[in-house]
Amino acid sequence: MILVLRALGVGDLATGVPALRALRAAYPDRELALAAPAWLGPLVDLVGGVDRLLPTDGLGAPPGPPPPVAVNLHGRGPDSHRMLAGAGRLLAFRCPAAGHPDGPRWRAGEHEVHRWCRLLAWYGIPADPADLALRRPAADRTPTGVTVVHPGSKIPEKRWPAARFAALARTLAERGHRVVVTGSADERELARRVAAGADLPDPAVLAGRTDLGELAALVAHARLVVSGDTGVGHLATAYATPSVLLFGPVPPAEWGPPPDRPRHRVLWGGARDWPGPPGVGSHPTLATLPVDRVLAAVEEAEEAVRVSGAIAA
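Source: prediction; values computed, not measured. Note that residues are indexed from 1 along each chain, following the sequence as it is written. Given that this is a predicted model, residues contribute local features only at a pLDDT of at least 70 and side-chain atom pairs are listed and counted only at 80 or more, while totals for whole chains, interfaces and linings are drawn from all residues. Note that the side-chain values use all heavy atoms of the structure and ignore hydrogens as well as water.

Q: Explanation requested: the packing of aromatic side chains in the structure shown.
A: Geometry of an aromatic ring pair is reported as the spacing of the ring centres plus the angle between the planes. Stacked, edge-to-face and tilted are the three classes for Phe, Tyr and Trp ring pairs, Trp counted by its six-membered ring, which pair at centre distances within 6.5 Å; planes under 30 degrees apart are stacked, over 60 edge-to-face, the rest tilted. Tallied over the full model, the rule gives 5 aromatic pairs. Aromatic side chains F93 and W106 sit 5.2 Å apart centroid to centroid with 75 degrees between the ring planes, which places their arrangement in the edge-to-face category. Of this pair, F93 sits in the loop between strand 5 (89–91) and helix 5 (112–122) while W106 sits in the loop between strand 5 and helix 5, and the two are 13 residues apart along the sequence. Relative accessibility thresholds used throughout: buried, under 20% of the residue-type maximum; exposed, over 50%; partly exposed, between the two (1.4 Å probe, protein chains only). Classification of F93 as buried rests on a relative accessible area of 0%. Ring centres of W122 and Y123 lie 5.0 Å apart, and the angle between their planes is 70 degrees; on these two criteria the pair is classed as edge-to-face. Of the residues examined, W122 reaches a relative accessible area of 43% and is grouped as partly exposed. A relative accessible area of 12% means that Y123 is categorised as buried. Grouping aromatic residues by their ring pairs yields a cluster made of F93, W106 and W116. Strands are runs of DSSP state E lasting at least two residues, helices are runs of H or I lasting at least four, and both sets are numbered from the N terminus onward.

Q: When you look at the sheet that holds strand 4 (residues 69–72) in this model, what are you seeing that I'm missing?
A: For sheets, the rule is that strands pair by backbone hydrogen bonds, running either parallel or antiparallel. An order of 3-2-1-4-5 is seen for the 5 strands of this open sheet, with the pairing classed as parallel. Looking at which strands have only one partner, the edges of the open sheet turn out to be strand 3 (52–55) and strand 5. Averaged over all adjacent pairs, the angle separating strand axes in this sheet is 25 degrees, with direction ignored. Seen against the sheet, helix 2 (residues 17–26) touches strand 1 (2–5), strand 2 (32–36) and strand 4 and runs at an angle of roughly 155 degrees to strand 2. The criterion for strand pairing is that DSSP finds at least two bridges linking the strands in question. For helices, the fitted line uses only the C-alpha atoms of the stretch in contact; every axis is such a line through C-alpha atoms, and the angle between N-to-C directions lies from 0 to 180 degrees. Throughout, a contact is declared for two residues whenever any of their heavy atoms are within 4.5 Å.

Q: I would appreciate a short explanation of the side chain of T56 in the present structure.
A: Counting through the fold element by element, T56 comes out in the loop between strand 3 and strand 4. Polar contact criterion, stated in full: a pair of N or O atoms within 3.5 Å, where within protein one must be able to donate a hydrogen and the other to accept it, and residues adjacent in sequence count only if both atoms are side-chain atoms. Engagement of the side chain of T56 in a polar contact is seen with the backbone oxygen of L54, the distance being 2.9 Å. When sequence neighbours within four positions are dropped, the list of residues in contact with T56 reads L5, A7, A35, A36, P37, P63 and M83.

Q: Looking at this structure, I do not really get the pattern of salt bridges. What am I missing?
A: When the charged atoms of two side chains lie near each other, side chains of opposite charge can form a pair. What counts as a salt bridge is simple: a side-chain nitrogen of Lys or Arg found within 4 Å of a carboxyl oxygen of Asp or Glu. Counted according to the given criterion, the structure contains 16 salt bridges. Of the charged contacts, one joins R115 and E112 as a salt bridge, the two residues approaching to 3.4 Å between their closest N and O atoms. One end of the pair is R115 and the other is E112, both in helix 5 and 3 residues apart, which spans about a single turn. Overall, the relative accessible area of 7% leaves E112 in the buried class. In this structure, the salt-bridge partner of R159 is E187, at a minimum N-O distance of 3.8 Å. Taken together, the residues R159 in the loop between strand 6 (147–150) and helix 6 (162–174) and E187 in the loop between strand 7 (179–181) and helix 7 (188–197) connect sequence positions 28 residues apart. Given a relative accessible area of 26%, R159 falls into the partly exposed group. Connected through salt bridges with shared partners, the residues R6, E110, E112, R115 and R118 form a single ionic network.

Below, the structure written as structure tokens:
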């Protein structure tokens, strides 16, 4: 068995897809098991090639007996390394503190996709950082052709102000977009505030009403996605759904979509450093992004789709 540790969230799983596919190709006859939160199951199914999900929340006890080979796609150690220490062979970044002098050195500021591809390349396993696509689910229980506005994030500093999301949603609706507002169950009140500010009907609020598989289907068949630096943006990249992603304080050079895909537009408010207390609301750099600039990026993303369609024709 090849055990892969990535016990994180949606964006983390999406950025780990090229590495998971590379491991599948490198070990075609071995069982590939992924240690990740159980709620990610619907998305793991869309990756393909993963034989088994081992429900794992964070770092703690190993998710099972020591495997012949373990791969740390979770972090640089030492805790994640120690969690996998019993494996016959560990593929991981160099971490002498965890008794692992092998592997490449960790690079601060490296893009998350390239980080894990570089790790595997050091061990002789080639990975394609452009291999980000997920299997497209059927839209059996979700609307199609909608514009997804996703105002939330588990990190409050990454949220564009709700009032601006509302103003954006209102304008998009006036321009003919069928706008829905998504989010987790904990973000339902935020989604309602955005919808109310945009004069959207209550059925447009889908926050807390979709599971992860339904959210993936919604994004896969959407007209457009507008969100902050969060998992929904990575789903838009995986499905080539036009998107406008609002970054701050973490730069898109670390978590953004590939820069050569014009249907994904990225706006960054500024530098990541901020001396203020965590968890108090939008990072000041996000406040520098006005609604009209986001609307212009929407037009650019949709124009890129029209141009690519004309070229294909």
